Amino acid sequence: MSSILDRTPSIKSFFFDVGTHFRHIAGQHMVVRLTDPDGYSVMRSYSIASAPAGDGIIELAIERLADGEVSHFFHDVVEVGDAIELRGPLGGHFIWSAEKPGTSLLIGGGSGVVPLISMARQRRTGSAGEPMGLLLSARSKDDAPFFDELVEMDAGTPGFSFTATFTREPPVRAADFDRRLDEDMIRVVLGRLGQPPDCTFICGSNRFVNAAADSVLAAGIPAETVRTERYGG
C-alpha cells in the first residue's frame, strides 16, 4: 500500500504499487484476499479507478459498508506500507477500450462511478476523441466521489460532458439535477452528448442499475448496447 486518500465520508482510495509490468483495461476489477493468523480468509472484488497508465500504480476506491468486514478492515486497520494480496485484473464485459471507443454514455450511482472514472481518465489522457458523457447520482456533493475532478474534466476536456444529480440536496451547478434518475434526465444528458451512444455503461446497486436501465431503454437506447455492473445485494 503506497498511499490512502479520502474521497467521501464513506469512500477511501487505496493506491498499490503493482509494478510497471501490470496492465489493465478501464472497467476491470481486482480481487482482494485477506487472511487472518488462524487461516480464515475472505475475498472481495473492487473496481480499478485509475486509468491504464503503465506507471505501476493502481487505485482501488473502497466504500465502507455497514456489514462489510473487508471494507471495515480497509477503512479502520490498513495503513500505508501494509502488504495486501491482490489478484487481477479481471473482467472482460464491462470494459472500455481506447482502441475502439465509440460514443459512450456512463451512468454511475455512488461508488458505482469507480470503473467509470477509469474510463473517463483514460479518454482524457489518450487520443480517443469520440464523445463521452458521464451521469453521476449521489445523495449530496459530499457523497459524490471524484466530483471536483469530473467538473474539471467537463470544463477542460473537449467532447466530455459531466452531469450530476443529488437526491438529498440542491445541485451546485445550474446544469445538474436534484432528483432521482429518470427518463427525462437521460434525454437531457443525451442532448449534451450530441449523438446516440454506441455503448452505455451502468454501474451501481441492483436497485439503481434496474432504474437506470429502465430509463435509458425508455429514452430509446437499444438494449444490446447497454452493459451493466452491479454492486452488493
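See the structure shown above.
Residues numbered from 1 in each chain as written. Predicted model: local features only at pLDDT ≥ 70, side-chain atom pairs only at ≥ 80, totals over all residues. Heavy atoms only, no water.

**Observations concerning the sheet that holds strand β3 (residues 29–35)**
- Taken in spatial order, the three strands line up as β4-β3-β6 in an open sheet, and their pairing is antiparallel. If you trace the sheet from one side to the other, it starts and ends with β4 (41–47) and β6 (85–90), each paired once. Here the strands of the sheet are splayed against their neighbours by 20° on average, with no regard to which way each runs.
- Summarising the sheet, β3 and β6 pair through four bridges and their orientation is antiparallel. Bridging from a neighbouring strand, H29 pairs with L90 of β6.
- The strands touched by helix α1 (residues 69–76) are β3 and β4; relative to β4, the strand with the most contacts, the crossing angle is about 75°. (Pairing = 2+ DSSP bridges. Helix = DSSP H or I, 4+ residues; strand = E, 2+ residues; numbered from the N terminus. Axes fitted to C-alpha atoms, helices over the stretch in contact; angles between N-to-C directions. Contact = heavy atoms within 4.5 Å.)

**Some details on the side chain of E59**
- Along the chain, the position of E59 falls in strand β5 (residues 57–63).
- You can call E59 buried: its relative accessible area is 3%.
- Of note is the side chain of E59, whose polar atom sits 2.9 Å from the side chain of R7.
- Here the side chain of E59 touches S13 through a polar contact of 2.4 Å, side chain to side chain. (Buried < 20%, exposed > 50% of the residue type's maximum accessible area, 1.4 Å probe, protein only. Polar contact = N/O pair within 3.5 Å; in protein donor to acceptor, adjacent residues only side chain to side chain.)

**Observations regarding the packing of aromatic side chains**
- Across all of its chains, the model carries six aromatic pairs by this definition.
- Aromatic side chains F14 and F74 sit 5.0 Å apart centroid to centroid with 65° between the ring planes, which places their arrangement in the edge-to-face category. Here F14 is found in strand β2 (residues 11–17), whereas its partner F74 is found in helix α1, with 60 residues between them in sequence. Each member of the pair, F14 together with F74, is buried.
- Ring centres of Y46 and F74 lie 6.3 Å apart, and the angle between their planes is 70°; on these two criteria the pair is classed as edge-to-face. (Phe/Tyr/Trp six-rings, centres within 6.5 Å; stacked < 30°, edge-to-face > 60°.)

**Quick look at the nonpolar core**
- One finds M119, L134 and L150 to be the most contacted residues of the largest nonpolar core, which totals 29 residues.
- When residues of this core are traced back to their parent elements, those giving at least two are α2 (114–125), β8 (132–138), α3 (147–156), β9 (160–166) and β10 (199–205).
- Counting 19 residues, the second-largest nonpolar core is a separate cluster that includes L105, V216, A219 and I221. (Core = buried A, V, L, I, M, F, W, Y, C linked by side-chain atoms within 4.5 Å.)

**Examining the side chain of T157**
- With respect to the helices, strands and loops of the structure, T157 is situated in the loop between α3 and β9.
- Discounting residues that sit within four places of it in the chain, T157 has contacts with R123, R124 and E152.

**Things to note about the packing of helix α4 (residues 183–193) against helix α5 (residues 206–218)**
- Where α4 meets α5, the axes come as close as 8 Å, and the angle between the chain directions of the two elements is 65°. Of the two elements, α4 crosses α5, and the hand of that crossing is right-handed. Residue-level contacts link E183, I186 and R187 of α4 to S215, V216 and A218 of α5.
- Looking at the contact of α4 with α5 residue by residue, the class counts come to three nonpolar, one polar and two charged. (Left-handed = near helix turned anticlockwise from the far one by under 90°. Nonpolar A, V, L, I, M, F, W, Y, C, P; charged D, E, K, R; others polar.)

**Observations concerning unusual backbone geometry**
- In this structure, P89 follows G88 across a cis peptide bond, with omega equal to 10°.
- Structurally, P89 is set in strand β6.
- Here F146, not a glycine, exhibits a phi torsion of approximately 65°, which is positive.
- Looking at the element boundaries, F146 is found in the loop between β8 and α3.

**A closer look at α2**
- The terminal C-alpha atoms of α2, which comprises twelve residues, lie 17 Å apart, in line with the 16 Å expected from a rise of 1.5 Å per residue.
- In terms of residue burial, α2 counts as a mostly covered element, since ten of its twelve residues are buried.
- Turning to α2, its buried residues number three or more, namely V114, P115, L116, I117, S118, M119, A120, R121, Q122 and R123. (Expected span 1.5 Å × (residues − 1).)

**A word on the pairing of β2**
- Most of β2 sits inside the fold, with five of its seven residues counted as buried.
- One ladder, built from five bridges, connects strand β1 (residues 3–8) with β2; its direction is antiparallel. When the bridges of β2 are listed, T8 appears paired with I11.
- Of the pairings in the sheet, the one linking β2 to β5 comprises seven bridges and is antiparallel in character. Bridge pairing in β5 places F14 opposite L60.

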